[in-house]
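Below are the chains, spelled out letter by letter.
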Amino acid sequence: MEESQLERNPRNGFLALVLRPINWLKMLGGELHWSFVLGVMIVYGISQGFAVGMIKVSTMYYMKDEQKVQPSELQVYLGLLQLPWVIKPLWGLLTDTLPVLGYRRRPYFIFAGFLSVTSMLALSIQRNLSLAFSLLSLMGVSAGIAIAVVAIDACVTQNSISHPSLAGDMQSLCGFSSSIGALVGYSLSGFLVHLVGPKGVFGLLSVPAGLVILVGMMLKESRVHKFTHRGVNEKFLDAGKAMWTALKFRDVWRPCLYMYLSLAVSLNIHEGMFYWYTDAKGGPSFSQHGLFASKNSNLSLITYHEISSWLNSDSELGCSDVLFWYGMQEVVGSVFSVGAVGSLSGVLIYQNWLKDHRFRDLLFWSQLLYGASGLLDLILVLRLNLKIGLPDYFFVVIDEAISMMIGRIKWQPLLVLSSKLCPAGIEGTFFALLMSIDHVGLLSSTWVGGLLLKFLKVTRTQFDNLWVAILIRSLMRIIPVFLLFLIPRSDPNLSILPEEMLKMKKGDDTLESENTEMVSLVDSI
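Residues numbered from 1 in each chain as written. Predicted model: local features only at pLDDT ≥ 70, side-chain atom pairs only at ≥ 80, totals over all residues. Heavy atoms only, no water.

A closer look at unusual backbone geometry
Notably, R383 is not glycine yet its phi reads approximately 65°, a positive angle. Within the element layout of this structure, R383 appears in the loop between helix 17 (375-381) and helix 18 (384-387). Even without being glycine, K457 reaches a positive phi, approximately 60°. Its location among the elements puts K457 in the loop between helix 20 (427-455) and helix 21 (466-476). Note on K457: relative accessible area 62%, which makes it exposed. (Helix = DSSP H or I, 4+ residues; strand = E, 2+ residues; numbered from the N terminus. Buried < 20%, exposed > 50% of the residue type's maximum accessible area, 1.4 Å probe, protein only.)

Describing helix 19 (residues 392-419)
Its 28 residues place the ends of helix 19 40 Å apart at the C-alpha level, agreeing with the 40 Å of an ideal helix rising 1.5 Å per residue. Along helix 19, 21 of the 28 residues are buried, which leaves the element largely enclosed by surrounding structure. (Expected span 1.5 Å × (residues − 1).)

Description of the confidence of the model for the protein chain
Across the protein chain, the average pLDDT comes to 79, with 81% of residues at or above 70. Across the protein chain, helix 21 holds the top mean pLDDT of 95, while helix 22 (residues 521-524) sits lowest at 32. Low pLDDT, under 50, characterises residues 505-525; the predicted model gives this stretch 46 contacts beyond four residues in sequence or across chains. (pLDDT = per-residue confidence, 0-100. Contact = heavy atoms within 4.5 Å.)

What to know about the environment of G45
In this fold, G45 is placed in helix 3 (residues 34-66). Between the C-alpha atom of G45 and that of C174, which follows or precedes it by 129 residues, the distance is 7.8 Å.

Structural notes on the packing of aromatic side chains
This model, assessed by the stated rule, comprises seven aromatic pairs. Taking 5.4 Å as the distance between ring centres and 80° as the angle between the ring planes, the aromatic pair formed by W24 and F176 counts as edge-to-face. In this pair, W24 sits in helix 2 (residues 10-32) while F176 sits in helix 9 (residues 167-204), placing the two residues 152 residues apart along the sequence. Residue W24 shares its accessibility class with F176, and that shared class is buried. Ring-pair connections join several aromatic residues into one group, and the members of that group are Y61, F274 and Y275. Across the ring face of Y370, the terminal group of R477 is positioned such that the distance to the ring centre comes to 3.9 Å. (Phe/Tyr/Trp six-rings, centres within 6.5 Å; stacked < 30°, edge-to-face > 60°. Lys NZ or Arg CZ within 6 Å of the ring centre and 35° of its normal.)

Observations concerning the packing of helix 9 against helix 19
For the pair helix 9 and helix 19, the least separation of the axes is 9 Å and the interaxial angle reads 135°. Regarding the angle of helix 9 to helix 19, the classification is oblique. Considering only the axes of helix 9 and helix 19, their crossing is right-handed. Where helix 9 approaches helix 19, its residues A167, G168, Q171, S172, G175, S178 and S179 are matched on the opposing element by R408, Q412, L415, V416 and S419. A breakdown of the residues in the contact of helix 9 with helix 19 according to their chemical character gives three nonpolar, eight polar and one charged. (Axes fitted to C-alpha atoms, helices over the stretch in contact; angles between N-to-C directions. Parallel < 35°, antiparallel > 145°, perpendicular 65-115°, else oblique. Left-handed = near helix turned anticlockwise from the far one by under 90°. Nonpolar A, V, L, I, M, F, W, Y, C, P; charged D, E, K, R; others polar.)

Take a look at the structure:
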């Protein structure tokens, strides 16, 4: 009776809705320790989500406006920034087998934070940087973030082995943190780029990068006993043999092949679209326009010259009539922020309704929808949206939100699957290997997409064949549907590897506790 009354009471229903994520976090904290939850939120939410959201917009404007590169060149250069993520197995191997001062994780968090901070400051302080030095600094930032992510991924994977039923929840926590961080980062990116410029944003980002150092300082970790550096080579060889043994397992190498191919064939032409958004004569011209609204007019795109002339003229439109003026960087940043909302929605949909569905069934429908969502860009480039009366900005926002939501729904089961393919003892290394395979796929997609743009002669000023690139990309996204036989038909809540591969091997260099945890600075004193 009381339960039925609670359900009928809208106030109690709203309260239950608000408390649901809090109770979920409490559940994870109780099962896995609150410090693990905090660690994921810091690394994924602030270091990766927020910082990468800010860096993406800043880097695109920095490369386009200050380095003056072509779209196809920008595709290649941004692909280079993926290289630190491609070699993630190296970072994972170091954290698993090479303790520093007796600790496996803490020194790598600290090193990653310092690397990111110094690279950010170099980009911000140095003037007239060459293209090569700029790329090197950006790669340093990327490497710092990648190392921190590898360290926390090791904890996620280890907990996935000990709590297989919570693997989906842990990946959802990572997705939530990353998406919310990206939402905040993208929302502020346009405003900050407009206010202090791309180089100023790089300087500001040294602060969140420093939080990774704080994670390393707060991490409470048992020291390794009886460790000798003489045995490092042997441990590297043992880890390599263990990875090779796992990769020979049928239910491991087949999903790895699928993950690479599904990403590689989904060609990335994002930079071509970005230049079209900002520079194309017949496009939205976000680089020359801003969003404007007044009390007596609808939301519209007008130029800076028009708004300046109107506000300084004797027309009826005055400063007090202007509701808002939203500049070009803010427009692009807001588009990406809406994409982050779409990504967050995808995580919510997966967590609440899809996480118990079999991998193969979920990937089938999500891949089909992913291919169909690519055609939204085709409608935009062919200007069909204007024929149905839908303004460019709103269509771009809808396109970004839908594409990111579907992309996240497609990505989540692959992350869960990856966490279940890692043998005990080399969790960080093997999960990093799987993620590096994904990044090699993304790198292939980016570079081949850049070659496609160059082949179709899509430049800073020529976009006649951009629609052809979009059509080819959308059709290529359907190919992974025919490769789903590589994905196991297993229950996502059960383990995939044999029992012997999930048992922790104990050697001479054992830990007092296999679980690392974060504690407050007060507790560590």
